[in-house]
Amino acid sequence: MTIATQISRRSFLRVSALAGGGLLIGSYVRSADAAVAEYTAGFAPPEEFVPNAFIKIFANGNITIIAKNPEVGQGVKQSLPMIICEELDADWSHVTVEQGLVDRSKYGVQFTGGSLSTPMNWDDLRHVGAAGRALLVAAAAKTWNVPASECTTRNSRVTHAKTGRTLGYGALAATAATLTPPDLKTIPVKDPKDYHLLGQRIHGVDNKAIFTGKPLYGIDVVVPGMLYAVFEKCPVFGGKVMSANIDKIKKMPGVTHVFVVEQIGNALDGLMSGVAIVADSWWYAKTARQSLQVSWDLGTTAAQSTEWFATRAAELSKLPAQRTIRKDGDVDAAFSGAAKVVEASYFYPFIHHATLEPQNCTASVKNGKAEIWAPSQTPQSGLTLVSKAIGIAESDITIHVTRIGGGFGRRLKNDYMVEAAWIAKVAGVPVKLLWTREDDMRHGHYRQAGFFNLKGGVDANGKLVAWRNHAILDNLNAGEFPARYVPNYLAEASAIPHGIPTGALRAPGSNGMAFVIQSFIDELANAAGKDPIDFRIDLLSQVGPATQADRFDAERARGVLELVREKSGWGKRKLPKGTGMGVAFHFSHQGYFAEVVQATVSAKGALKVNKVWVAGDCGSVLTNLSGAEQQMQGAAIDGISHALGQEMTFENGRAMQSNFDTYPLIRMVQAPPVEFTFRTTAHPPTGLGEPALPPVIPALCNAIFQATGKRIRSLPIGNQLA
Amino acid sequence: MSVTLKINGKSTTVDVPSDMPLLWVLRDVLNLKGTKFGCGIAQCGACTVHLKGVPVRSCSLPISSVAGQEITTIEGLSKDGTHPVQRAWEEIDVPQCGYCQAGQLMVAAALLANKKKPTDADIDASMVNICRCGTYNRIRAAVHRAATLSAGAAK
Ligand code: FES
Ligand code: FES
């Protein structure tokens, strides 16, 4: 089933005249909640799906297109307006992109996550653009008194070839604004072969401002009369303030307000307890904080640590699993009949998003109204959170979405937003709250760690016949590969309740899982004496009956595996000693990706990642080739960064890493060249922000195995090779 | 304390605590928001500016230590955004989120001022700022491209 058919629409279009003879097109499109919930599996789905786009065409020919979703670096500020522009048949060089305010009634659901911006908006935005084009054609036909069917469009102009007449969109805007809009549902859209803009390389619309240092990000916001805040929370997650030396801090240079903030509700992503310090510069607030002494009620999480998790996981691995996620066939019987059985335990750690722009938010609350400037991926959820916390109706809160210095899922949470709003309300002045890097790292919503106990069996022909996976702490999907491709399959899970805040991180549910699954498959390929790509393709060819959980198309997975085999020169390269190539594939966020990594491990154990080949299938169209390439490179390099050194550890309920000296991110010298190829298939286009990340980690670990014979079963790689 | 600064060719006097880092004077006192805060401990390079032409991390430089010395920020890298690194960064469409890029541009500009034709090894050694989005492939290409553009301009 395609996404297009999952979406049932009820839509209408609105046209109005702009002052000075322009045209404004807005569209209101609704779709079933269920469809949205289906592709947002993995994090909280939006309550409804009401995408809306605006086009403004001015009499002078300038066109403004609204970018509806937050830009975190994934390129939607270009790609979504490009979809409209393509169908409008406008010249991109006439277009100015404007970031839309947060307004559900105008723009529908506005969020950035789950690689969903493209799939959720693709159909609707095309129709919005096409409807705009139809109006301009109708206006020209009326002006010239010719049939609309004889008119063509291109580069913001309508032409009537027979009579050799042509008019620009600007000249037609006033007439178009008087016409009755067409029905969005029946308006035809272009055949992809007629695209002029989609699939081209379009550069970032904010590039020039970025290169010249213009204020763009949340951290750059200035509001008249604004003061600066820092907020100290308990180093133990969920701990509460008992008392603090507030009077002393109040007397420190530049400090204007100091107060205790009480926790609202129990959620770790709402307003937490802490001490706010407001000063007339951020440096003063931060300096005063060094003298702050708080006595905390640490709460129960203080008993939890990385070691405690490992001990609990080891205990649970020896007990029957708490839950069965999926059971096909009879694994025990199949293991006893198997020619070879392999058992292994895998682990991936908690990791942090580490967006380069630390969390921040600016808020002004006065006369029962609030205005907020927020670098948030989910500004609409933030609006609800703030409204409840400060007791101001959502309709009285204005939210400006700023450009965002990295999201990766961290900014799906709005803790910084509710803190800023609360502090501004209490202080009675506009406030910019800025977290230090240490705040950011110690108060994350981390990717959950996971422990996995796996057992697999192959028969005498090297065919995979049985698979068991007991997941501890992190969860397991019922459709997790190789479910459906192995006749005897058992997936089980055991939970460890804990108080560490967790959340979605780029390719949630997959970023660590692909490492586990695709590394263990590699172990089984090795046991079966088969080539790693052949083994996977054979496995993908033994398709069992589909269940509700199986949404994965084996043909597309085989397609990208064959493509990466060809592009990487798999099996054809003579590699020096200590160098190996590894492969993996993974399906997530509707995208199919197979990747090969070539890596070298020196005699002393130094690892060098030489190259990554990425083969992806994201459907029929890449909206922006430049943006697509960026996401391929960014995701692959991000995954390698996870694998090399990222790990959050905890002691006595506190995060032990606090900055980039203890939490290393990948740098230039470690980053391999990433080469990519896309396989175009007749499926609706899907998002690119995430699915290229998961396979790179197991591909790297499998390359290390080929190079050294050492199997990485625990992340990060760190100094395991030394 | 009162400190006189020479920033982007202009003299300015500010009255701030002597230990206030240059970064916060630039951002919050002088309202030059192009220089970014990432870590505060000289690890990421988002806050890179030029001090007498040398790339430095402004988050870790007390204002008292830079009085009177020539400072260039991203806002002053060129008059109209046409420094070869700015042009190359546009040609290659380097940014993803863009947050690190001011710092990257400042480091690249300083590298090219010293080495007309940097090798990949030079780039690895100099371009050590963090890009959380992983734009490293394009940064490398853009540094090479900027070297070519500079050579063209010199001829
Ligand atoms: S903010 Fe100065 S190096 Fe990171
Ligand atoms: S472009 Fe986002 S941190 Fe470099």
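Treat the numbers as computed from the prediction; the structure is a model and nothing was measured.

Draft legend 1. Structural detail: the overall build of chain B. When helices and strands are tallied, chain B shows five helices and five strands. For chain B, the α and β elements follow one another from N to C terminus as β-β-α-β-β-β-α-α-α-α. Whereas a compact globule of 155 residues would reach a radius of gyration of roughly 15 Å, chain B reaches 15 Å, a difference of no more than 12%. Principal-axis analysis of the C-alpha atoms gives chain B an extent of 45 × 35 × 25 Å. Counting all 155 residues of chain B, 59% fall into the buried class. Considering only contacts in chain B between residues 6 or more positions apart, those separated by 24 or more positions represent 56%. For chain B, the exposed surface amounts to about 5,700 Å²; the carbon and sulfur share of it is 53%.

Draft legend 2. View of the overall build of chain A. When helices and strands are tallied, chain A shows 19 helices and 28 strands. Scaling as 2.2 N^0.38, a compact globule of 722 residues should have a C-alpha radius of gyration of about 27 Å, and chain A matches this with 27 Å. A principal-axis box enclosing the C-alpha atoms of chain A has dimensions of 80 × 75 × 45 Å. The burial tally for chain A puts 64% of its 722 residues in the buried class. Of all intrachain contacts in chain A linking residues separated by at least 6 positions in sequence, the fraction that spans at least 24 positions is 76%. On chain A, roughly 25,700 Å² of surface is accessible, and the fraction owed to carbon and sulfur atoms is 51%. Distance from the positive charge centre (72 side chains) to the negative charge centre (63 side chains) of chain A: 3 Å.

Draft legend 3. Broad picture of the pairing of strand β3 (residues 48–51) of chain B. All names here are of chain B. Both faces of β3 are covered, namely the face carrying Thr 48 and His 50 and the face carrying Val 49 and Leu 51. From the end of β3 to the start of strand β4 (residues 54–57), which pair antiparallel, there are two residues, and Lys 52 there has a positive phi angle of about 50°. Note: β3 against strand β5 (residues 70–72), two bridges, orientation antiparallel. When the sheet's bridge partners are listed, His 50 is paired in β5 with Thr 72.

Draft legend 4. Molecular detail of the domain arrangement of chain A. Residues and elements named next belong to chain A. Each assigned domain of chain A is listed with its residue range as follows: domain 1 (9–211), domain 2 (218–299 + 359–434) and domain 3 (307–351 + 446–708). Each side of the interface is counted separately: domain 1 has 18 residues, and domain 2 has 14 residues. Linking domain 1 with domain 2 are one salt bridge. A salt bridge links Asp 206 to Arg 403; the nearest nitrogen and oxygen atoms lie 2.9 Å apart. The interface formed by domain 1 and domain 2 holds two residue pairs in polar contact (both at pLDDT 80 or more) in total. Its residues assigned to classes, the side of domain 1 that touches domain 2 comprises eight nonpolar, five polar and five charged.

Draft legend 5. Expanded view of the sheet that holds strand β14 (residues 323–328) of chain A. Residue and element names in this part refer to chain A. On the basis of which strands lie adjacent, the open sheet formed by five strands has the order β14-β22-β21-β20-β15 and mixed pairing. Looking along the sheet, the strands with just one partner apiece sit at the ends: β14 and β15 (340–348). Strand-to-strand, the axes of this sheet are offset by a mean angle of 10°, without reference to chain direction. When β14 meets strand β22 (residues 488–494), the two strands line up antiparallel, connected through five bridges. What sits directly across from Arg 323, in β22, is Ala 493.

Draft legend 6. Structural detail: the pattern of salt bridges. Counted under the stated rule, the structure contains 41 salt bridges over all chains. Across the salt bridge formed by Glu 357 of chain A and Arg 411 of chain A, the nearest N and O atoms sit 3.8 Å from each other. In this pair, Glu 357 of chain A sits in the loop between β15 and β16 (360–366) while Arg 411 of chain A sits in the loop between β18 (397–401) and α13 (415–427), placing the two residues 54 residues apart along the sequence. A residue is classified by how much of its surface remains accessible, and Glu 357 of chain A, at 0% relative accessible area, is buried. Residue Asp 522 of chain A is joined to Arg 536 of chain A by a salt bridge in which the shortest nitrogen-to-oxygen separation is 3.1 Å. Of this pair, Asp 522 of chain A sits in helix α15 (residues 513–528) while Arg 536 of chain A is found in helix α16 (residues 532–541), placing the two residues 14 residues apart along the sequence. What makes Asp 522 of chain A buried here is its relative accessible area of 3%. We classify Arg 536 of chain A as buried; its relative accessible area is 0%. Salt bridges linked by common partners bring Arg 201 and Glu 629 of chain A together with Asp 93 and Arg 138 of chain B together as one network.

Draft legend 7. Structural view of the sheet that holds strand β11 (residues 255–261) of chain A. Residue and element names in this part refer to chain A. Pairing is mixed across the open sheet formed by seven strands, whose spatial order is β11-β12-β9-β19-β16-β17-β18. If you trace the sheet from one side to the other, it starts and ends with β11 and β18, each paired once. Strand-to-strand twist in this sheet, taken as the mean axis angle between neighbours without regard to direction, amounts to 20°. Direction of pairing for β11 relative to strand β12 (residues 274–279): antiparallel, over a ladder of six bridges. Looking at β12, one finds that Val 261 is bridged to Gly 274. Here α13 sits on the sheet and contacts β9 (227–233), β11, β12, β16, β17 (369–374), β18 and β19 (431–434); the angle it forms with β16, its principal contact strand, is near 35°.

Draft legend 8. Representation of unusual backbone geometry. Cis rather than trans, the peptide bond between Phe 481 of chain A and Pro 482 of chain A has omega equal to 0°. Looking at the secondary structure, you find Pro 482 of chain A in the loop between β21 (464–472) and β22. Across the junction of Leu 715 of chain A and Pro 716 of chain A, the peptide omega takes the value -5°, indicating a cis bond. Structurally, Pro 716 of chain A is set in the segment after α19 (696–708). Phi is positive for Asn 367 of chain A, which is not a glycine, with a value near 50°. Positioned with a positive phi, Asn 8 of chain B is a non-glycine residue whose angle comes to about 50°. Relative to the elements of secondary structure, Asn 8 of chain B occurs in the loop between β1 (2–7) and β2 (10–15). A residue is classified by how much of its surface remains accessible, and Asn 8 of chain B, at 26% relative accessible area, is partly exposed.

Parameters at a glance
- Residues numbered from 1 in each chain as written.
- Chains lettered and ligands numbered in written order.
- Predicted model: local features only at pLDDT ≥ 70, side-chain atom pairs only at ≥ 80, totals over all residues.
- Heavy atoms only, no water.
- Helix = DSSP H or I, 4+ residues; strand = E, 2+ residues; numbered from the N terminus.
- Rg over C-alpha atoms; globule rule 2.2 N^0.38 Å.
- Buried < 20%, exposed > 50% of the residue type's maximum accessible area, 1.4 Å probe, protein only.
- Contact = heavy atoms within 4.5 Å.
- Areas by Shrake-Rupley, 256 points an atom, 1.4 Å probe, with all protein chains shown as cover.
- Lys, Arg positive; Asp, Glu negative; His and termini not counted.
- Charge placed at Lys NZ, Arg CZ, Asp CG, Glu CD.
- Pairing = 2+ DSSP bridges.
- Domains from an automatic or database assignment.
- Salt bridge = Lys/Arg side-chain N within 4 Å of Asp/Glu carboxyl O.
- Polar contact = N/O pair within 3.5 Å; in protein donor to acceptor, adjacent residues only side chain to side chain.
- Nonpolar A, V, L, I, M, F, W, Y, C, P; charged D, E, K, R; others polar.
- Axes fitted to C-alpha atoms, helices over the stretch in contact; angles between N-to-C directions.

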